[in-house]
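# A look at the structure
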Amino acid sequence: MADGMTNAMFPARLAQLRHLTAFLERFCGAHGIERPHCLRLNLVLEELFVNSIQHGYRGDCDAPVWIGLDARPEAVQITYEDTAPPFNPFARLPDRDTQPKVGGLGVLLTRELAEGREYAYLFGRNRVRLSLAR
């Protein structure tokens, strides 16, 4: 691959998790991303994907989820988009010293693993951008 950008679209179905993982593993292999970093990326993407299905779409459906991965020298940039109702997962992050409620663990995990994060609702899509160190 000449550049570090790779994109894919997946239907919002839990059965697609294995395809998402295969997409990520191909990306990591093509860009020399070491296994521990690839596993961390997988954990974050899996959390976002499952949350979209369970909380955003309220179950399996054929609505699209777009994932963009960009390998940079210092980090991997993730762009994650869905068409579920607007939801900013970072609006009310639990305090680091408090125990998160059930269901808040994924957002806390994402905060701990990502070097940078941002959210926007644009053109009918939730867009989460994360940067994870390589």
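Residues numbered from 1 in each chain as written. Predicted model: local features only at pLDDT ≥ 70, side-chain atom pairs only at ≥ 80, totals over all residues. Heavy atoms only, no water.

This brings us to the pattern of salt bridges. The final tally for this structure, using the stated rule, is six salt bridges. For Arg127, the salt bridge identified is with Glu81, shortest N-O distance 2.6 Å. Of this pair, Arg127 sits in strand β5 (residues 125–133) while Glu81 is found in strand β3 (residues 75–82), placing the two residues 46 residues apart along the sequence. Look at Glu81 and you get buried, because its relative accessible area is 7%. Close ionic contact of Arg129 with Glu118 constitutes a salt bridge, the shortest N to O distance being 4.0 Å. (Salt bridge = Lys/Arg side-chain N within 4 Å of Asp/Glu carboxyl O. Helix = DSSP H or I, 4+ residues; strand = E, 2+ residues; numbered from the N terminus. Buried < 20%, exposed > 50% of the residue type's maximum accessible area, 1.4 Å probe, protein only.)

Turning our eyes to something else, we now look at the sheet that holds strand β1 (residues 5–11). The sheet built from five strands is open, its strands ordered β1-β2-β3-β5-β4 with antiparallel pairing. Strands at the two margins of the open sheet, each flanked by one partner only, are β1 and β4 (116–122). Adjacent strand axes in the sheet meet at a mean angle of 15° when their direction is disregarded. The pairing of strand β2 (residues 64–71) with β3 spans seven bridges and is antiparallel. The residue bridging Gly68 from the neighbouring strand is Thr79, located in β3. On top of the sheet, helix α2 (residues 35–56) reaches β1, β2, β3 and β5; it is set at about 15° to β3, its chief contact. (Pairing = 2+ DSSP bridges. Axes fitted to C-alpha atoms, helices over the stretch in contact; angles between N-to-C directions. Contact = heavy atoms within 4.5 Å.)

Now for the nonpolar core. One finds Ile67, Ile78, Tyr80 and Leu130 to be the most contacted residues of the largest nonpolar core, which totals 34 residues. Of all the secondary structure elements, the ones that give two or more residues to this core are β1, α1 (17–30), α2, β2, β3 and β5. The biggest single contributor to this core is α2, with eight residues. (Core = buried A, V, L, I, M, F, W, Y, C linked by side-chain atoms within 4.5 Å.)

Bringing the packing of aromatic side chains into the picture now. Following the criterion strictly, the structure yields two aromatic pairs and no others. Plain terms: the ring middles of Phe10 and Phe23 are 5.8 Å apart, the flat faces sit at 65° to each other, and that makes the pair edge-to-face. A residue pair is termed long-range when its members are at least 10 positions apart, and Phe10 in strand β1 and Phe23 in helix α1 qualify at 13 residues. Just as Phe10 is buried, Phe23 falls in that class too. Taken together, a centroid distance of 6.5 Å and an interplanar angle of 80° make the contact between Phe10 and Phe49 edge-to-face. On the criterion of sequence distance, the pair formed by Phe10 in strand β1 and Phe49 in helix α2 is long-range, its members being 39 residues apart. This pair shows no difference in class: Phe10 is buried, exactly as Phe49 is. Through a chain of ring-to-ring contacts, the aromatic side chains of Phe10, Phe23 and Phe49 assemble into a single cluster. In this structure, Arg117 is placed above the aromatic ring of Phe90, and the distance from its NZ or CZ to the ring centre is 5.9 Å. (Phe/Tyr/Trp six-rings, centres within 6.5 Å; stacked < 30°, edge-to-face > 60°. Lys NZ or Arg CZ within 6 Å of the ring centre and 35° of its normal.)

Remember, this is a structural readout, not a statement about activity or role.
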